[in-house]
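Report on the structure
Residue-level listing of the chains:
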Amino acid sequence: MMTDAPGVMISAPSSGTGKTTVMLGLLRALAEDGVHVQPFKSGPDYIDPAFHLAASGRASFNLDTWAMGGGLLDAIAAQAEGAQICVAEGSMGLYDGVATRGQSGFGTSAETALRMGWPVVLVVDVSGQAQSAAAAALGFRMYNPDLPFAGVILNRVASPRHERLTRLGMEKAGLTVLGSLPRRGDLTLPERHLGLIQAVEHPDLDAAIAGYAAFLREHVDLEAIRGAARGHALARAGALPPPPAQRIALAQDAAFSFTYPHLIEGWRAAGAEVLSFSPLADQAPDANADLVWLPGGYPELHAGRLAAAETFRTALRRHAQTRPVHGECGGYMALGDGLIDKEGQRHRMAGLLGLVTSYETRKFHLGYRQARLHAPLPGHGPGARLRGHEFHYSTILEQPDAPLAAVADADGAAVPETGSYRGNVSGTFFHLITAEGA
């Protein structure tokens, strides 16, 4: 069976150029017009897909050429079944990736666009330049002549004269201008230390996205973008990752929300039950669950409430006596003995691992991870090789338990955040994307 995936890739020369505003506005404008639009995110971002869902009404999925093999990429692309157009948001700059090739590429947005056949819409911040912006955009167009290219959207245009000069440069370079966005300071989304705040925390997200859609309608040729959409017919040969258990209690609230959508969709598609609960609301995981899974998030912002969540902690300890518990990043921190917040106050965590972490002693940890397991992680046995991503500022002060895995970055250099395990409890600082070969 085949799936047609016509679409476009919204990318940019670098981060911070406004592509998220364009992405959300485009998704909402198309949805308002009755178009069934399927969002995607190129790369390992945990936060953007929830914004895409809010904008389009349809779940967004990550496509990652470093972590994922061809079969999994095709299986995720197949989630667009029934959609009329795919709109993908790139990560960082169009060609930014890692030095060492992964399962099917280096992790760039350009690779995703090329594999899917989606033409690139390049969002160019033209502040501080005019015709010179065309030289930079032309460089992106010609860096890989095989990459399909729809055109550019000029962003942060200062005046009608600025727009005219910039358009002249683009026309000379043979680049199609799909829109021109005036400079506005009120269109930025709130951010915190891992990027955007979570979608569920935005005080009036729907109104903000509706504003983006209105802005794009006024200044961007939506029909031209729809007309530029293309895509390869992809064989649905691959499969989404299987569930690690039949009944999975999944923590889901403002402290624990970073789960890759393709994992949850794969679990449910295989017939697993995903039973959500909220540690922040002091809820216990389902007593009949086979596995408790604590995803990443922001436990450092809610450490006091987690420390007071006695019902949650007691039930978690009871479950761990006979059945597995796993935590990723923030979930790993919550399974430890203590968490030190930014003011230096120590809060009691679940105590299922000896891990002590500090958000007061901050260090930036970011990048792809490849791991070879020493001990089981739910769904994967010892020796399994996994691909994931790590992004946090917290520092390990104590880790007395046995290391869970040998962990390295994308280039094979060992990293000290090995994860750990004790009895039925395991945790990692990397977020699992898939097993190697998938």
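Reading guide: rules and limits
Residues numbered from 1 in each chain as written. Predicted model: local features only at pLDDT ≥ 70, side-chain atom pairs only at ≥ 80, totals over all residues. Heavy atoms only, no water. Pairing = 2+ DSSP bridges. Helix = DSSP H or I, 4+ residues; strand = E, 2+ residues; numbered from the N terminus. Axes fitted to C-alpha atoms, helices over the stretch in contact; angles between N-to-C directions. Core = buried A, V, L, I, M, F, W, Y, C linked by side-chain atoms within 4.5 Å. Buried < 20%, exposed > 50% of the residue type's maximum accessible area, 1.4 Å probe, protein only. Contact = heavy atoms within 4.5 Å. Phe/Tyr/Trp six-rings, centres within 6.5 Å; stacked < 30°, edge-to-face > 60°. Lys NZ or Arg CZ within 6 Å of the ring centre and 35° of its normal. 1 Å grid on protein atoms, 1.4 Å probe; cavity = no way out; pocket = protein on both sides within 12 Å on 5 of 7 lines; lining within 4 Å. Points joined across faces, edges and corners; volume = space filled by probe spheres on them. Nonpolar A, V, L, I, M, F, W, Y, C, P; charged D, E, K, R; others polar. Salt bridge = Lys/Arg side-chain N within 4 Å of Asp/Glu carboxyl O. Parallel < 35°, antiparallel > 145°, perpendicular 65-115°, else oblique. Left-handed = near helix turned anticlockwise from the far one by under 90°. Expected span 1.5 Å × (residues − 1). Arc of directions from axis to C-beta.

1. What to know about the sheet that holds strand β19 (residues 346-348)
On the basis of which strands lie adjacent, the open sheet formed by four strands has the order β19-β18-β20-β23 and mixed pairing. Either end of the sheet is taken by a strand with one partner, and the two such strands are β19 and β23 (395-398). Taken over all neighbouring pairs, the strand axes of this sheet differ in orientation by 25° on average, direction set aside. Where strand β20 (residues 356-358) lies against β23, three bridges are found, and the strand directions are antiparallel. Note that in β23 the partner of S358 across the bridge is T395.

2. As for the sheet that holds strand β25 (residues 405-408)
Whether parallel or antiparallel, the strands of a sheet pair through hydrogen bonds between backbone atoms. In space, the four strands of this open sheet follow the order β25-β21-β22-β28, with antiparallel pairing throughout. Because the sheet does not close on itself, it has two edges, and the strands there are β25 and β28 (431-435). Each strand of the sheet is rotated relative to its neighbour by a mean of 30°, with strand direction disregarded. Relative to β25, strand β21 (residues 365-373) runs antiparallel, the two sharing four bridges. Bridge pairing in β25 places R372 opposite A406.

3. Regarding the nonpolar core
Core analysis: the biggest nonpolar cluster contains 103 residues, and I10, F40, V87, L122, V152 and M170 have the highest contact counts within it. By size, the runner-up hydrophobic cluster in this structure holds 29 residues, among which are A251, L353, L355 and F429.

4. What to know about the pairing of β21
Counting buried positions along β21 yields seven of nine residues, so the element is predominantly enclosed. By the bridge criterion, eight bridges tie β21 to strand β22 (residues 385-392) in an arrangement that is antiparallel. Counterpart to L366 in the pairing with β22 is F391.

5. Some points on the side chain of T434
The topology assignment puts T434 in strand β28. Judged by its relative accessible area of 4%, T434 is buried. For T434, the contacting residues outside a window of four places in its chain are A67, M68, L72, Q103, P241, L386 and R387.

6. Digging into the packing of aromatic side chains
Taken as a whole and judged by the stated rule, the model has 12 aromatic pairs. Residues Y95 and F140 carry aromatic rings whose centres are separated by 6.0 Å and whose planes lie at 25° to one another, so their mutual orientation is stacked. One end of the pair, Y95, is in the loop between β5 (85-89) and α4 (109-116); the other, F140, is in helix α5 (residues 132-143), with 45 residues separating them in the sequence. Between F364 and F391, the ring centres sit 5.7 Å apart and the planes meet at 70°, which makes this aromatic pair edge-to-face. Linking F364 in the loop between β20 and β21 with F391 in strand β22, this pair joins segments that are 27 residues apart in sequence. Given the relative accessible area of 17%, F391 is considered buried. Each member of the aromatic cluster is reached from another via a ring pair, and the members are Y46, F258, Y260 and Y298. The side chain of R184 reaches across the aromatic face of F215, ending 4.9 Å from its centre. The ring of W66 carries the charged tip of R387 above its face, separated from the ring centre by 4.2 Å.

7. Examining unusual backbone geometry
For M92, which is not glycine, the phi dihedral falls at a positive 50°. On the secondary structure map, M92 appears in the loop between β5 and α4.

8. Describing empty space enclosed by the protein
A full pass over the atoms with the stated rule returns two cavities of 30 Å³ or more. Its boundaries defined by the atoms lining it, the second largest cavity holds a volume of some 40 Å³. Around the second largest cavity sit F256, L306, F312, R313, A334, M349 and A350, which together line it. Looking at the lining of the second largest cavity residue by residue, the classes come out as six nonpolar, no polar and one charged.

9. Looking at the pattern of salt bridges
Should their charged atoms come close, side chains of opposite charge can pair. Under the criterion given, the structure shown has 16 salt bridges. Taking the shortest distance from any N to any O, the salt bridge between D125 and R156 comes out at 2.8 Å. In this pair, D125 sits in strand β6 (residues 120-125) while R156 sits in strand β7 (residues 149-157), placing the two residues 31 residues apart along the sequence. On the basis of relative accessible area, D125 is assigned to the partly exposed category, the value being 21%. The partner of D401 in a salt bridge is R422, and the shortest N-O contact between them spans 2.9 Å. Here the residue D401 occupies a position in the loop between β23 and β24 (402-403), and R422 occupies one in strand β26 (residues 420-422), the gap between them amounting to 21 residues. For D401, a relative accessible area of 12% corresponds to the buried category.

10. Let's talk about the packing of helix α1 (residues 19-32) against helix α2 (residues 48-56)
Taken N-terminus to C-terminus, the directions of α1 and α2 make an angle of 30°; their axes are 8 Å apart at the nearest point. Between α1 and α2, the angle is such that the two are roughly parallel. For the pair α1 and α2, the sense of crossing is right-handed. For the pair α1 and α2, the contacting residues are T20, M23, L24, L27, R28 and A31 in the first and D48, F51, H52, A54, A55 and S56 in the second. When grouped by side-chain class, the residues that make up the contact of α1 with α2 number seven nonpolar, three polar and two charged.

11. Some words on helix α7 (residues 205-219)
For α7, built from 15 residues, the straight-helix expectation of 21 Å at 1.5 Å per residue is met to within 8% by its first-to-last C-alpha distance of 21 Å. Within α7, the full set of buried residues consists of L205, A208, I209, Y212, A213, F215 and L216. One side of α7 holds all its buried residues, which, seen down the axis, span an arc of 160°.

12. Considering the environment of G437
Checked against the element boundaries, G437 lands in the segment after β28. When its relative accessible area of 74% is taken as the criterion, G437 is described as exposed. Along the chain, G437 and V425 lie 12 residues apart, while their C-alpha atoms are 26 Å from each other.

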